[in-house]
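Each chain, letter by letter, is given below.
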Amino acid sequence: MGNALRLLYGYCCKPKTTDDDHHGVSAPTVAVSALAHDLFNFDITSQVPEGLSKHVHSSKKAQAKWYRRLLEAWRGAKPPPKTAEEAARLIIETLNRIQKPDVEGLLAFYGLPLPDTLVEYSAEVPTTLPEGVKFAMQTLPVDPRAVQDGDSVTVYVDTADPRESMSIPPKVNLNAVKRLRARSKKKYEKANELHDKIISSGYRVLKIDDEEVLARKYRIRLRGIDAPENKMPYGDEAKEELTKLLQGKSLLIFVYGEDQYGRAVGDIYCDGIFVQEVMLKKGCAWHYITYDKRPQLARWEKEARARRVGLWALPNPEEPWVWRKNNPRTDV
């Protein structure tokens, strides 16, 4: 089996280490893991997965040809697919000559995005600090449970970062040292009490790849977009889309300031993709024009409206800012 396939199969299926509260690394999508597993199995046995015939019309002989071509494409991919969208694109491009219902059936079998739901992204990661940016941060991997809704997420930044290392409160450093000593003496109750004090100060000790990391907490509000609240129609879908984008990923965030709730307002980049562009093009949010006049945001919303994707498939979607006037927030 090719090294790329073996490495990705191991990456997808090997459990990741996290701390007791599961803050840190989460597994890649089940869909990509399943596809990697089946290609791994096909390389050894030449057998296609059981149950696939319920989703496609072609014979098992034809299916075997698909998997042989997919195996070759996967080996040649540099890097190999790690997200559901990357895996879907590989299947669509590799099997571009087979019948559309079979392609869609194969994608559905793995729970991968269908062709008409994939969108192209154009924004690039800035190479210098954009105008108006207060500072930039590189986060630790995001816990999926840290996504509050379609435009808010809590992240952690390693205090070994030069900017963070100069601003750690002395009490936090002291409690971190005391906690480490308490744990070394197996005084776990005392260590937990000290960790609670660290948490109350806006920090947390995370366990990532078997190493403990003192990290600072930031609540982030995505700049320039407004997603449906969780209790609104399409609120759960917007939150789920943002979770799929961010979970397990280290983010680059450009912070422009704070909102009225003390959240850092910023642009988020994940794996080189501008997250706000994804949310707008998939119809998961409105352009928040009251606070952000960038024309590209308006254009991306307009494209989603025209395609009637996401919340734009609803008959009369209500703007979140209108909904909030009648339903004041208490959970921010």
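Nothing here was measured: the structure is a model prediction, and the numbers come from that model. (Residues numbered from 1 in each chain as written. Predicted model: local features only at pLDDT ≥ 70, side-chain atom pairs only at ≥ 80, totals over all residues. Heavy atoms only, no water.)

## What to know about the domain arrangement of the protein
When the parts of a complex come together, some accessible area is lost, and that lost area is often used as the size of the interface.
Okay, so step 1: For the protein, the assigned domains are domain 1 (27–120) and domain 2 (135–155 + 215–326).
Okay, so step 2: Here the C-alpha centroids of domain 1 and domain 2 sit 30 Å apart.
Okay, so step 3: Opposite the seven residues of domain 1 that make contact, domain 2 presents six residues.
Okay, so step 4: Together, the buried faces of domain 1 and domain 2 total about 490 Å²; carbon and sulfur atoms form 44% of this surface.
Okay, so step 5: Our enumeration of links across domain 1 and domain 2 arrives at one salt bridge.
Okay, so step 6: A salt bridge links E85 to K282; the shortest N-O distance between them is 2.3 Å.
Okay, so step 7: Between the two partners, domain 1 and domain 2, sit one residue pair in polar contact (both at pLDDT 80 or more).
Okay, so step 8: Among the residues making up the side of domain 1 that touches domain 2, the classes are represented as two nonpolar, two polar and three charged. (Domains from an automatic or database assignment. Contact = heavy atoms within 4.5 Å. Buried area = accessible area lost by both parts, 1.4 Å probe. Salt bridge = Lys/Arg side-chain N within 4 Å of Asp/Glu carboxyl O. Polar contact = N/O pair within 3.5 Å; in protein donor to acceptor, adjacent residues only side chain to side chain. Nonpolar A, V, L, I, M, F, W, Y, C, P; charged D, E, K, R; others polar.)

## A word on the pairing of strand β5 (residues 211–222)
The side chains of a regular strand alternate between both faces of the sheet.
Okay, so step 1: Here seven bridges tie strand β3 (residues 152–158) to β5, and the two strands are oriented antiparallel to one another. Its bridge partner lying in β5, S152 is registered against R221.
Okay, so step 2: Judged from the six bridges that link them, strand β4 (residues 203–208) and β5 form a sheet pairing that is antiparallel. Bridge assignment links I208 to a residue of β5, and that residue is E211.
Okay, so step 3: Adjacent in sequence and paired antiparallel, β4 and β5 are bridged by two residues, among which D209 carries a positive phi angle near 50°.
Okay, so step 4: Note that β5 and strand β8 (residues 264–270) share three bridges and pair parallel. Looking at the pairing, L222 lines up with G266 of β8. (Pairing = 2+ DSSP bridges. Helix = DSSP H or I, 4+ residues; strand = E, 2+ residues; numbered from the N terminus.)

## Let's talk about the UniProt feature "domain: TNase-like" (unreviewed entry) in the protein
Okay, so step 1: UniProt tags residues 147–314 as "domain: TNase-like" (unreviewed entry).
Okay, so step 2: The span residues 147–314 is 38% helical and 29% strand by assignment, and the distance between its end C-alpha atoms comes to 24 Å. (UniProt positions renumbered as here; feature names shortened; annotations may be inferred.)

## Some remarks on the environment of I91
Okay, so step 1: The topology assignment puts I91 in helix α4 (residues 84–94).
Okay, so step 2: Judged by relative accessible area, I91 falls into the buried class, the value being 0%.
Okay, so step 3: Measuring from C-alpha to C-alpha, the distance between I91 and V56 comes to 14 Å, with 35 residues separating the pair along the chain. (Buried < 20%, exposed > 50% of the residue type's maximum accessible area, 1.4 Å probe, protein only.)

## Regarding the environment of A227
Okay, so step 1: Position of A227 among the secondary structure elements: in the loop between β6 (225–226) and α9 (235–246).
Okay, so step 2: On the basis of relative accessible area, A227 is assigned to the buried category, the value being 2%.
Okay, so step 3: In the structure, A227 is positioned 75 residues away from S152 in sequence and 9.1 Å away in space, judged by C-alpha atoms.

## Some points on the environment of D210
Okay, so step 1: Mapped onto the elements, D210 comes out in the loop between β4 and β5.
Okay, so step 2: On the basis of relative accessibility, which here comes to 58%, the residue D210 falls in the exposed class.
Okay, so step 3: Along the backbone, D210 and F274 are 64 residues apart, and their C-alpha atoms lie at a distance of 30 Å.

## Points about α4
Okay, so step 1: Looking only at α4, the buried set comprises A84, E85, A87, A88, L90, I91 and T94.
Okay, so step 2: Buried positions along α4 lie against α2 (30–45), α3 (60–76) and α5 (100–110).

## Considering the state of the cysteines
Okay, so step 1: The tally for this structure, following the rule as stated, stands at zero disulfides.
Okay, so step 2: Cysteine C270 is unpaired, with the sulfur of C284 as its nearest cysteine sulfur at 15 Å.
Okay, so step 3: On the basis of relative accessibility, which here comes to 4%, the residue C270 falls in the buried class.
Okay, so step 4: For C284, a relative accessible area of 2% translates into the label buried. (Disulfide = S-S within 2.5 Å.)

## Regarding a positive patch on the surface
Okay, so step 1: A cluster of basic residues, K178, R181, K185, K187, K190 and K197, forms a positive patch at the surface.
Okay, so step 2: Put simply, the parts of the chain that give the positive patch at least two residues each are α7 (170–184) and α8 (188–200).
Okay, so step 3: Take R181: it is sitting in helix α7. (Patch = residues over 30% accessible without salt bridge, like charges linked within 9 Å, V, L, I, M, F, W, Y side chains within 5 Å. Areas by Shrake-Rupley, 256 points an atom, 1.4 Å probe, with all protein chains shown as cover. Lys, Arg positive; Asp, Glu negative; His and termini not counted. Charge placed at Lys NZ, Arg CZ, Asp CG, Glu CD.)

## Things to note about the packing of aromatic side chains
Okay, so step 1: Counted according to the given criterion, the structure contains 10 aromatic pairs.
Okay, so step 2: Pairing F254 with Y269 gives two aromatic rings, centres 5.8 Å apart and planes at 85°, and the pair type is edge-to-face. Of this pair, F254 sits in strand β7 (residues 252–258) while Y269 is found in strand β8, placing the two residues 15 residues apart along the sequence.
Okay, so step 3: Residue Y269 is classed as buried on the basis of its relative accessible area, which comes to 8%.
Okay, so step 4: Their ring planes at 75° and their centres at 6.3 Å tell us that W286 and W321 sit as a pair that is edge-to-face. In this pair, W286 is assigned in strand β10 (residues 286–287) and W321 in helix α12 (residues 320–326), connecting sequence segments 35 residues apart.
Okay, so step 5: Its relative accessible area of 3% is what places W286 among the buried residues.
Okay, so step 6: One aromatic cluster is present, built from ring pairs that chain together W286, Y288, Y291, W312 and W321. (Phe/Tyr/Trp six-rings, centres within 6.5 Å; stacked < 30°, edge-to-face > 60°.)

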